[in-house]
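Residue strings, one per chain:
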Amino acid sequence: MKKFLMLATVVATLVACKNTPHNDAQDIDEELSEIVESNEYKEHDLMKLRATEDIVDTEGGNSIVLTIEPDESLPHVANDNFGTYCDNRATVVVLSQDGDTLLSRHLTKADMQEYIDAPLLSSAILDGLSLESATPSAIVVNASISVPHSDEQAVVALTLGFDGTLTMQRVSAPVDNFFDDEFTD
C-alpha cells in the first residue's frame, strides 16, 4: 500500500509539472518588467524615473551629493514604445567637513547639448550622475544622457570647480559596461 501511495504521488507530481507550460522568455519579460517598474512610475500620463540621491565622502573630508529628479518644466521626450518621459534635473552639491557649501549647481540636458548628437538629444533624458574624481579645488562628474530602455547613450564629463567654473567633454560610453553585473545562464 505504501508503494502504491508513493507511486501515485510521483505520478501526480509528474502530471502536474507536465501540464504547467514553462516559458523562459515570459519569465525574463516579467523580471525585466519588475525592474523597470521599480525605477519608473507614471504620473498624469508622463513617465518619470524615480529621484535618486548619492552621497559620496571624499578623502579630503568633503561630502558630494549627486541628485537626479524629474522636472516637468523641462521639455518632454517621446518614446515610441514606452510613452512620454519627463526629463530630469541634476543637482551637484559639495559640502565641507563643517557643512559649508563649496559648490551647488543645477544641470539639465540642455546644458550639455553641444556634446550630444542631435538625434540622441531629441530622444534621450538625463538619467544619471556618477563621481569620477575629486581634488581639493574641483570634482569630475560623469553625466549619462540616454534613450529610455535602450543602450543608446552619451556620457559627458563635467569638471566643476569650487570657484564656479564648469568645463565639459564628451567621453565614450562603452556598451559592455552598460550592466554592472555579469549574467550567466
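Residues numbered from 1 in each chain as written. Predicted model: local features only at pLDDT ≥ 70, side-chain atom pairs only at ≥ 80, totals over all residues. Heavy atoms only, no water.

Could you give an account of the overall build of the chain, with specific residues and numbers?
The helix and strand inventory of the chain stands at three helices and 12 strands. Buried residues in the chain amount to 32% of all 185 residues. Taking the contacts inside the chain whose residues are at least 6 apart along the sequence as the reference set, 41% of them involve residues at least 24 apart. Surface summary for the chain: the accessible area is close to 12,300 Å², and the carbon and sulfur share equals 51%. (Helix = DSSP H or I, 4+ residues; strand = E, 2+ residues; numbered from the N terminus. Buried < 20%, exposed > 50% of the residue type's maximum accessible area, 1.4 Å probe, protein only. Contact = heavy atoms within 4.5 Å. Areas by Shrake-Rupley, 256 points an atom, 1.4 Å probe, with all protein chains shown as cover.)

Which residues make up unusual backbone geometry, and what values do they have?
In the Ramachandran plot, His 149 falls in the positive-phi region, its phi being about 60° despite a non-glycine side chain. Structurally, the position occupied by His 149 is in the loop between strand S10 (138-146) and strand S11 (153-161). For His 149, a relative accessible area of 35% translates into the label partly exposed.

Quick rundown of the sheet that holds S11? Include the residues and the values.
With antiparallel pairing, the four strands of this open sheet are ordered in space as S9-S10-S11-S12. For this open sheet the edge positions go to strand S9 (125-134) and strand S12 (166-171), each flanked by a neighbour on one side alone. The sheet shows a mean angle of 25° between the axes of neighbouring strands, direction not considered. In terms of strand pairing, S11 meets S12 through six bridges, oriented antiparallel. (Pairing = 2+ DSSP bridges. Axes fitted to C-alpha atoms, helices over the stretch in contact; angles between N-to-C directions.)

Describe the pairing of strand S7 (residues 88-95), and please don't skip the residues or the numbers.
The buried fraction of S7 amounts to six of the eight residues, a majority that puts the element mostly inside the structure. Where strand S4 (residues 63-70) lies against S7, eight bridges are found, and the strand directions are antiparallel. Across the sheet, Leu 66 pairs through a bridge with Val 92, a residue of S7. Pairing analysis gives six bridges linking S7 to strand S8 (residues 101-107), with the strands arranged antiparallel. When the bridges of S8 are listed, Ala 90 appears paired with Leu 107. Here S7 folds back onto S8, and the loop between the two strands holds five residues, one of which, Gly 99, carries a positive phi near 90°.

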